[in-house]
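Chain by chain, the residues:
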Amino acid sequence: MIMETRSSVPINNEWDIVQARQLGRQISREMGFGHVDQARITTAISELARNIYLYANNGEITIEPIVNLGKKGLKITSRDKGPGIKDIRLVMQDGYTTSGGLGAGLPGVKRLMDIFKIDSTLEKGTNIVAIKWLR
Amino acid sequence: MISIQIELDDHTAIQFQEDLLEKIHETGAKGVVIDLSTVDIIDSYIAKILGDVVKMSDLLGAKVVLTGIRPAVAIILTDLGIRLNNISTALDLEKGLAKLKQDLGG
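Residues numbered from 1 in each chain as written. Chains lettered and ligands numbered in written order. Predicted model: local features only at pLDDT ≥ 70, side-chain atom pairs only at ≥ 80, totals over all residues.

1. Some remarks on the overall build of chain B
The test is simple: Only DSSP runs of H or I with at least four residues qualify as helices, and only runs of E with at least two residues qualify as strands; both kinds are numbered from the N terminus onward. Values of the radius of gyration come from C-alpha atoms, whereas the globule rule sets the reference at 2.2 Å times the count of residues to the power 0.38. Contacts here follow a simple rule: the backbone-placed C-beta atoms of the two residues must lie within 7 Å.
Within chain B, the regular secondary structure consists of four helices and four strands. Overall, chain B shows an N-to-C arrangement of helices and strands of β-α-β-α-β-α-β-α. The C-alpha radius of gyration of chain B comes to 13 Å, within 12% of the 13 Å expected for a compact globule of 106 residues. Overall, the C-alpha framework of chain B stretches about 35 × 30 × 25 Å when taken along its three principal axes. Here the contacts in chain B between residues at least 6 apart in sequence split such that 83% fall between residues at least 24 apart.

2. Some words on the overall build of chain A
Regarding its fold elements, chain A presents four helices and six strands. Going from the N terminus to the C terminus, chain A shows its helices and strands as β-β-α-α-β-β-α-α-β-β. Scaling as 2.2 N^0.38, a compact globule of 135 residues should have a C-alpha radius of gyration of about 14 Å, and chain A matches this with 14 Å. Counting only C-alpha atoms and orienting by the principal axes, one finds that chain A spans roughly 40 × 25 × 25 Å.

3. A few points about the interface of chain A and chain B
As a reminder, the rule being used: All residues other than Ala, Val, Leu, Ile, Met, Phe, Trp, Tyr, Cys, Pro, Asp, Glu, Lys and Arg, Gly among them, are scored as polar; the first ten of these are nonpolar and the last four charged.
Opposite the 22 residues of chain A that make contact, chain B presents 19 residues. Sort the elements by how many residues they give to the side of chain A that touches chain B and helix α2 (residues 35-56) of chain A lands first, with nine residues. Split into classes, the residues belonging to the side of chain A that touches chain B amount to nine nonpolar, seven polar and six charged.

4. Observations regarding unusual backbone geometry
Residue and element names in this part refer to chain A. The condition that has to hold: Between the buried cut of 20 or more and the exposed cut of 12 or fewer other C-beta atoms within 10 Å of a residue's own C-beta lies the partly exposed class, and all C-beta atoms are placed from the backbone.
The phi torsion at Leu69 lies on the positive side, around 50 degrees, for a residue other than glycine. Along the chain, the position of Leu69 falls in the loop between β3 (59-68) and β4 (71-80). Positive phi is not limited to glycine here, since Glu123 has a value of about 65 degrees. Judged by the 8 C-beta atoms lying within 10 Å of it, Glu123 falls in the exposed class.

5. Side note on the packing of α2 of chain A against helix α3 (residues 71-79) of chain B
Just so we agree on the cut-off: Axis geometry follows a simple rule: fit a line to the C-alpha atoms, using only the stretch in contact for helices, then measure angles between N-to-C directions, giving values from 0 to 180 degrees. Oblique is the label for any angle not under 35 degrees, not over 145, and not in the 65 to 115 range, which are roughly parallel, roughly antiparallel and roughly perpendicular in turn. Note on convention: near helix rotated counterclockwise from far helix by under a right angle means a left-handed crossing. Clockwise means right-handed.
Between α2 of chain A and α3 of chain B, the least distance of the axes is 9 Å, while the angle of their chain directions is 45 degrees. One finds that α2 of chain A runs oblique with respect to α3 of chain B. For the element pair α2 of chain A and α3 of chain B, the recorded crossing hand is right-handed. From α2 of chain A, His35, Val36, Ala39, Arg40 and Thr43 of chain A reach across to α3 of chain B, where they touch Ala72, Val73, Ile75, Ile76 and Asp79 of chain B.

6. Some points on the sheet that holds strand β1 (residues 2-3) of chain B
Residues and elements named next belong to chain B. Rules: Think of it this way: DSSP has to see at least two bridges between two strands before they count as a pair.
One open sheet holds the four strands; their spatial order is β1-β2-β3-β4, and the pairing between them is parallel. The sheet terminates laterally at β1 and β4 (88-90), the two strands that pair on one side only. Relative to strand β2 (residues 31-35), β1 is paired through two bridges, and the arrangement is parallel. In the sheet register, Ile2 faces β2, and the bridge partner there is Ile34.

7. Let's talk about the nonpolar core
Heads up, the condition is: One nonpolar core equals one set of buried Ala, Val, Leu, Ile, Met, Phe, Trp, Tyr and Cys residues connected by C-beta atoms within 7 Å.
Core analysis: the largest hydrophobic core is formed by 56 residues, its most contacted members being Ala44, Leu48, Ala49 and Ile61 of chain A together with Ile76 of chain B. Among the elements that take part in this core, α2 of chain A stands out by supplying eight residues, more than any other. Setting aside residues no more than four positions away along its own chain, Ala44 of chain A makes contact with Ile76, Val109, Leu112, Met113 and Ala130 of chain A.

8. Looking at helix α1 (residues 14-31) of chain A
Heads up, the condition is: To estimate how far a helix should reach, multiply one less than its number of residues by 1.5 Å.
Helix length check: α1 of chain A, at 18 residues, gives a terminal C-alpha distance of 27 Å against a target of 26 Å (1.5 Å per residue), a fit within 8%. Residues of α1 of chain A that are buried include every one of Asp16, Ile17, Ala20, Arg21, Gly24, Arg25, Ile27 and Ser28 of chain A, and no others. Residues of α1 of chain A that are buried make contact with β2 (7-11), α2, β3 and β4 of chain A together with α1 (10-27) of chain B. The first or second residue beyond α1 of chain A is Gly32 of chain A, which carries a positive phi of 95 degrees.

9. Structural notes on the pairing of β4 of chain A
Each regular strand shows side chains that alternate between the opposite faces of the sheet. All names here are of chain A. Two strands pair when backbone bridges link them, and β3 and β4 are joined in this way by ten bridges, in the antiparallel orientation. Bridging across to β4, Thr62 finds its partner in Thr77. With antiparallel pairing between neighbouring strands as the criterion, β3 and β4 make up a hairpin whose turn holds two residues, including Leu69 at a positive phi of roughly 50 degrees.

10. Some thoughts on the confidence of the model for chain B
Residue and element names in this part refer to chain B. The following threshold applies: For every residue, the predictor reports its confidence as pLDDT, a number between 0 and 100.
Averaged over chain B, the pLDDT score is 92; the fraction of residues at 70 or greater is 99%. Considering each helix and strand of chain B separately, the mean pLDDT is smallest for β1, with a value of 82, and largest for strand β3 (residues 63-67), with 96. For this predicted complex, the interface confidence comes out at an ipTM of 0.87, alongside a pTM of 0.91.

Written out as structure tokens, the structure reads:
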């Protein structure tokens, strides 16, 4: 994969969630994603950034255009040094929540994006990579 | 009638919820139309707040109709697995008001 410019947004409060999704909307628009995919990417970033804020207090969202075998895409990385996820299978179930939310966040992000990888270690933190390919 | 014209952050969404309930209580409104035609994303958090505001308004005796949900927003809510069960929606403001009148029986 060839990396182009990469942008990061630190997530420390609720307003940073808005910052991160505005950046995602701007980059996905510049890359030529359609309206619906722009909204998918923006929503996915919103869910990931909110999870950082809710569960880890702070972390970082990185947004970068990528090229793989001539295919263009947008890669979103969510990193935090929070408590980690004990049972990833459980959090990937629709409706599972520990925060009183809808439990739609992570399984939702997986459906909104084309590639979704989650890597979490208890008491070390969580790394999530999600990619949307440009059609 | 309320039109949401700004990008909703979490704090503003909660504030909106409280303000709306206060207003319903103050005015004794029987019906509310919330227009979402300028809202370009609704994530799971905002969806929860909207769902809650409908239930809470119902407790105060006011019926809520959501109008103007954009096609992209409808697609994303479905991708997220969010169903707006038991929530009244309409294509635009005019149809929303008509629906509200119908629901309120006059």
